[in-house]
Amino acid sequence: METLKDRIAIVTGASSGIGEATARRFAQEGATVVALARREERLMHLSEECPSVEPFPCDVSDHAGLERCVQQTIERHSKIDILVNNAGFSYYERCEESTLEHWRETMAVNLEAMYVLARLIVTHMITRRYGRIVNVSSIQSLAADATVGAYAATKGGINAWSRCLAVDLAEHNILVNVVAPGCVHTEMSFVNGADETQSEHFQEWYVRQRKIPLARPGSAEEVANAILFLSGDQCTYITGQVLVVDGGLTITF
Ligand SMILES: NC(=O)c1ccc[n+]([C@@H]2O[C@H](COP(=O)([O-])OP(=O)(O)OC[C@H]3O[C@@H](n4cnc5c(N)ncnc54)[C@H](OP(=O)(O)O)[C@@H]3O)[C@@H](O)[C@H]2O)c1
């Protein structure tokens, strides 16, 4: 059975990693997926493999572009059922090396764009009295690490804002939740060209000493499955929650 049959979804950051896996999973489940990211060739490739994926090349910090995306989707499909706000990135720099410019860019891409896109879409969801919004934060929203201050601030902001959005929209039958991934093997695992999950530190601490109880990094598909559940009709009484998908990493100390 296709659990998202006839649903129309917008997924940001769909050109790689968790967003791409989510777009593929949604398409398998019968949804039409508007896939938004900057790398057009990656989106075209995805669309060739999954014909119900519609590429929309756009930078999420381009608000006029986000508006065009929503307008085009409504013109083509008359509705938007699901929004997955997933696009995100990080600079890796300690506070004393960091710049206000990088702070603002991180806010604009990781947090502000989520608000702008949700603001554009909720009016359409309210009209139809149906909606599922899943915002992707991170375990960095729950615990601290060096060099990712701006990123962690955006991810904590996503959790707090999503809870408020869930309260605002509950009366309209729109459910809002957060998925907070741990260490997931995607392009984001590569820091300065090196795969962090293959480093000696990662293998010793997270794998052999089982700081991650499941003793491995997660896959994009495993996160996509959590996003799928929160985006579907099986999810009817969960809103304003942060679902941590981290192999148990944050339950250990
Ligand atoms: N991997 C992890 O361990 C991990 C852990 C916790 C949270 N997360 C979160 O999961 C989400 C997805 O990351 P990922 O792991 O799948 O990494 P990824 O493979 O690097 O994917 C990031 C996606 O965001 C898009 N993106 C970045 N900046 C953008 C912009 N300005 N405009 C439009 N799209 C933009 C990228 O597409 P383009 O470059 O084509 O624009 C790409 O599709 C992020 O929010 C990340 O913070 C990841």
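Description of the structure in this document. (Residues numbered from 1 in each chain as written. Predicted model: local features only at pLDDT ≥ 70, side-chain atom pairs only at ≥ 80, totals over all residues. Heavy atoms only, no water.)

**Some thoughts on the sheet that holds strand S11 (residues 242–245)**
- Taken together, the seven strands give an open sheet; going across it, the order is S3-S2-S1-S4-S5-S6-S11, and neighbouring strands pair in parallel fashion. With partners counted over all chains shown, the strands left at the sheet margins are strand S3 (53–57) and S11, one partner each. On average, adjacent strands in this sheet sit at an angle of 20° to one another, irrespective of strand direction.
- Sheet analysis places strand S1 (residues 8–12) next to strand S2 (residues 32–37), joined by five bridges and oriented parallel. Bridge pairing in S2 places Ile10 opposite Val34.
- Each of S1, S2, S3, strand S4 (82–85) and strand S6 (174–181) is contacted by helix H1 (residues 17–28), which is oriented at about 165° to S1, the strand it contacts most.
- Each of S4, strand S5 (131–136), S6 and S11 is contacted by helix H5 (residues 149–169), which is oriented at about 165° to S6, the strand it contacts most. (Pairing = 2+ DSSP bridges. Helix = DSSP H or I, 4+ residues; strand = E, 2+ residues; numbered from the N terminus. Axes fitted to C-alpha atoms, helices over the stretch in contact; angles between N-to-C directions. Contact = heavy atoms within 4.5 Å.)

**Some points on unusual backbone geometry**
- Positive phi, normally seen in glycine, also occurs at Asp6, with a value near 70°.
- With respect to the element layout, Asp6 can be found in the segment before S1.
- What makes Asp6 exposed here is its relative accessible area of 54%.
- You will see that Thr147, though not glycine, has its phi angle at about 70°, which is positive.
- Tracing the chain through its elements places Thr147 in the loop between S5 and H5. (Buried < 20%, exposed > 50% of the residue type's maximum accessible area, 1.4 Å probe, protein only.)

**Considerations on the pattern of salt bridges**
- The tally for this structure, following the rule as stated, stands at 14 salt bridges.
- A salt bridge links Asp81 to Lys79, with the shortest nitrogen-to-oxygen separation between them at 3.1 Å.
- Residue classification places Asp81 among the buried residues on the basis of a relative accessible area of 3%.
- Taking the shortest distance from any N to any O, the salt bridge between Glu204 and Arg208 comes out at 2.8 Å. Here Arg208 and Glu204 lie together in helix H6 (residues 200–208), a separation of four residues that amounts to about one turn.
- Overlapping salt bridges bring together Glu20, Arg24, Arg39, Arg42, Glu49 and Glu187 as one network. (Salt bridge = Lys/Arg side-chain N within 4 Å of Asp/Glu carboxyl O.)

**Brief notes about the site of the ligand**
- Around the ligand, a shell composed of 28 residues is seen, among which Ser15, Arg38, Asn86, Tyr151 and Thr186 lie nearest.
- In the complex, the protein chains occlude 93% of the 860 Å² of accessible area that the ligand would expose alone.
- Residue assignment for the shell around the ligand shows that the elements contributing at least two residues are H1 and H5.
- Tallied by class, residues from the shell around the ligand come to 13 nonpolar, ten polar and five charged. (Near = heavy atom within 4 Å. Areas by Shrake-Rupley, 256 points an atom, 1.4 Å probe, with all protein chains shown as cover. Nonpolar A, V, L, I, M, F, W, Y, C, P; charged D, E, K, R; others polar.)

**Re the pairing of S1**
- For S1, the buried fraction is high: five of the five residues fall into the buried class.
- Side chains Ile8, Ile10 and Thr12 of S1 all project onto a buried face; the interleaved residues Ala9 and Val11 project onto the opposite face, where all are buried too.
- Regarding the hand of the β-α-β motif, the stretch spanning S1, H1 and S2 is right-handed.
- Two strands pair when backbone bridges link them, and S1 and S4 are joined in this way by three bridges, in the parallel orientation. Within the sheet, the bridge partner assigned to Ile10 lies in S4 and is Leu83. (Right-handed = clockwise from strand over helix to strand, strands pointing away.)

**Remarks on helix H2 (residues 40–49)**
- Looking only at H2, the buried set comprises Leu43, Leu46 and Ser47. An end-on view of H2 places all buried positions within 100° of arc, on one side of the element. Pointing more than 90 degrees away from the buried face of H2 are the exposed residues Glu41 and Glu48.
- Here the buried face of H2 lies against H1, S2 and S3. (Arc of directions from axis to C-beta.)

**Re H6**
- All of the buried residues in H6 are Phe202, Tyr206 and Val207. Projected onto a plane normal to the axis of H6, the buried residues spread over an arc of 85° and lie on a single side. Relative to its buried face, H6 has exposed residues pointing more than 90 degrees away, namely Glu200, His201 and Arg208.
- Positive backbone phi, at 55°, marks Arg210, one or two positions downstream of H6.

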